Every structure is written in C-alpha cells, then in structure tokens.
Amino acid sequence: MTVRSLISTTDLSGPDIVALLDDAATLRAQRSALTSGGPAPTLLAGRTVALIFEKPSTRTRVSFEVGVAELGGRPLPLSSADLQLGRGETVADTGAVLGRYVQGLVVRTFAQARLEELASASGVPVINALTDEEHPCQALADLLTVRDAFGTFAGRTLTYVGDGNNVAHSLLLAGAAVGLGVRIAHPDGYAPDAAVVARARALAEAHGSEVTVTTDAAAAAEGTHVLYTDVWASMGQEAEQAARAAVFAPYTLDGALVARAADDAIVLHCLPAHRGEEIAADVLDGPRSRVFDQAENRLHAQKAVLAMLVGGSQPGAIAAAEGGG
Ligand code: CP
C-alpha cells in the first residue's frame, strides 16, 4: 500500500503497521552498530524535513530531529514564533511555500483539519506529531513496546485508564488494526469519540480482537497485559486541571489496579507524567514499567515512518533487507 501522509492512524492498515514495526526494530538494531562505527543510513540523503510545533514537546520534537539526522537527512525545527503562521499567514499559504523548500513536514498542531489543509497545500508528506484528535506516532511506539514485551498482539489486551483523548483514540485505532484487544476505562463525560470507537470496533472485528469502553477501571484492568495512562489535563486544558483532578482520582494507575492485571503485565505512559496524580510513583518507577523504553521507541518508530513517507521505502523493506520482518 502507498501511504502519502500520516495524518490519522487509519492512514495505515494493520499489515502496514506491523511492517513499520519490523522496520523500526531493524533501525533500532542498526543504530547500535552506527554508534560503534557502522555505516550511516542514507535513506533521507539530500532531503530536508521541517518540524513545526505549535504546542510544546520534548519527546516528539527531539526524537524527530534526531531521527531525520540519523537517516542522513536535514531536520529543520520551527516553532509558530519562527513563522508568519504565528502572525496570521494562512495554513494553506504556509503549506504551499514550505512544499517548495522541503521534502516533508512533521507537524504538532490543534485540529486535524489544519494538518489536512497543510498536506493538501504543500504537496509533500505530512506527519501528525499530535493533534487534538490523534497521536499516531505515539501509538506506533506503544505497539512496538508491547510487541517487544510479548512477541505478538494476538490474545493480548491493553487497558488504557483515563481521559478518552488523542492518545486513547490512536491506541484504539492502531491496537484494533493489529489484533490487540483494547479496553478504555474513563470517567463519565470523558469517553473517547464515538466515531473513533465505532471505527476501532469494526477494525477489531476484522482482526479478531475486541474493543471495550467502560467507566469501570477495576473490571477493565482484570487480567490485562498492558496498563496505560496519560495526564488528566492535556495541553490547552490547564484551566480544567483542578476540576479534572477530582473527577479522575478514582482512575489513578496505582498498585491496586496493577494487582488486577496479568502476572506478566507491563505499565506504559506516553509521558510527561505527574507522579501521584494519574499514576503512582511506585508504579511509574516500578519493575513493570516500560515507559523509558516506550519513549525511546518513539525514535525508532518515527524513523520507520520517515523512511516510508519521505524516503520512499515500502513498509517492511528495511527489515526485509536485513533478512527480518
Ligand atoms: N508523548 C509525547 O508526545 O511527548 P512530548 O509532548 O514531549 O512530545
């Protein structure tokens, strides 16, 4: 399948996702060789990728900048303050101009529609680095971390506890597409978008898994293989922080919830984390936590996406060239 941009998680099929994870694992192995003097990859040689962040970021911004450079390309980090976008130039004009200079755009912004407009105006691949609706690159890294732990998705279940936000949406869509069971446990009034849930249910049915959306966190944690949470107030919701803290308190990922999960369950968090709020410190820093492997996997998964969209590599081709996949 030829994928032009990664705007929604649904731009990737289940087989595309699995092939990208194979590529990511291969790039991870090659990176170890690179740091000990191995040949540098040239998948993005001669290509410039602009990184536009309209919201703060540590992991996504740095891992994309490092990732483009490690693939032999030139990263061009920009913030709204650097661009006339911040002074009212239209998204369409910005996209049309940048498309004349660079071979790809990585964008963190607000509405998904803004990304779609950029992609259509620029004519170059656009990668969603988080919108209000989705966080597909996060979901790819999450699935890589789950597969690292269990070797497979079949028969495994991920339970996300908290806000039905962009991270929950991409987990629903990506997990269902690869046959991973996904359970979302949320407080009343904070359910994931109904259209996203319906789409995930259709994908799950096609791939032999199940999607559950509930307000019962304890039931959702029962026997699960992955426990996952995110901050209670996402970027732009800071004014709601206190009100949300009261509503979300029963959904804290703590030792009692972990005790309900499978014996070999792992704990994930997309970070940044607030210890003592959405996750107990002894869980985030405990033996089941894979959060820093998960954060590292952002780099490897995004390099696979860059190689596909900007480098023109078919999903799975990097792994196949190494005899993997
Ligand atoms: N998880 C995540 O997207 O982190 P950043 O906001 O630091 O990029």
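Look up: the structure comes first, before these words.
What you see is a predicted model, and the numbers here were worked out from it, not measured in a lab.

Draft legend 1. The packing of aromatic side chains, seen in detail. Enumeration according to the criterion identifies three aromatic pairs in this entry. A ring pair is formed by tryptophan 232 and phenylalanine 248, whose centres lie 6.0 Å apart and whose planes are at 25 degrees; its orientation type is stacked. Taken as a pair, tryptophan 232 in the loop between strand E8 (226-229) and helix H9 (241-248) and phenylalanine 248 in helix H9 lie far apart in primary sequence, 16 residues in all. The class of tryptophan 232 is buried, set by a relative accessible area of 7%. On the basis of relative accessibility, which here comes to 0%, the residue phenylalanine 248 falls in the buried class. Taken together, the ring pairs in this structure connect Tyr190, Trp232 and Phe248 into an aromatic cluster.

Draft legend 2. Structural view of the sheet that holds E8. Spatially, E7-E6-E5-E8-E9 is the arrangement adopted by the five strands of the open sheet, whose pairing is parallel. The open sheet terminates on both sides in strands that have one partner only, identified here as strand E7 (211-214) and strand E9 (266-269). Geometrically, the sheet is characterised by an average inter-axis angle of 20 degrees between neighbouring strands, direction not taken into account. When strand E5 (residues 157-161) meets E8, the two strands line up parallel, connected through four bridges. Looking at E8, one finds that tyrosine 160 is bridged to tyrosine 228. Along the sheet, helix H5 (residues 136-150) contacts E5, E8 and E9; its crossing angle with E9, the most-contacted strand, is approximately 165 degrees. Helix H12 (residues 291-309) contacts E8 and E9 of the sheet and is inclined by roughly 50 degrees relative to E9.

The rules behind the values
Residues numbered from 1 in each chain as written. Predicted model: local features only at pLDDT ≥ 70, side-chain atom pairs only at ≥ 80, totals over all residues. Heavy atoms only, no water. Phe/Tyr/Trp six-rings, centres within 6.5 Å; stacked < 30°, edge-to-face > 60°. Helix = DSSP H or I, 4+ residues; strand = E, 2+ residues; numbered from the N terminus. Buried < 20%, exposed > 50% of the residue type's maximum accessible area, 1.4 Å probe, protein only. Pairing = 2+ DSSP bridges. Axes fitted to C-alpha atoms, helices over the stretch in contact; angles between N-to-C directions. Contact = heavy atoms within 4.5 Å.

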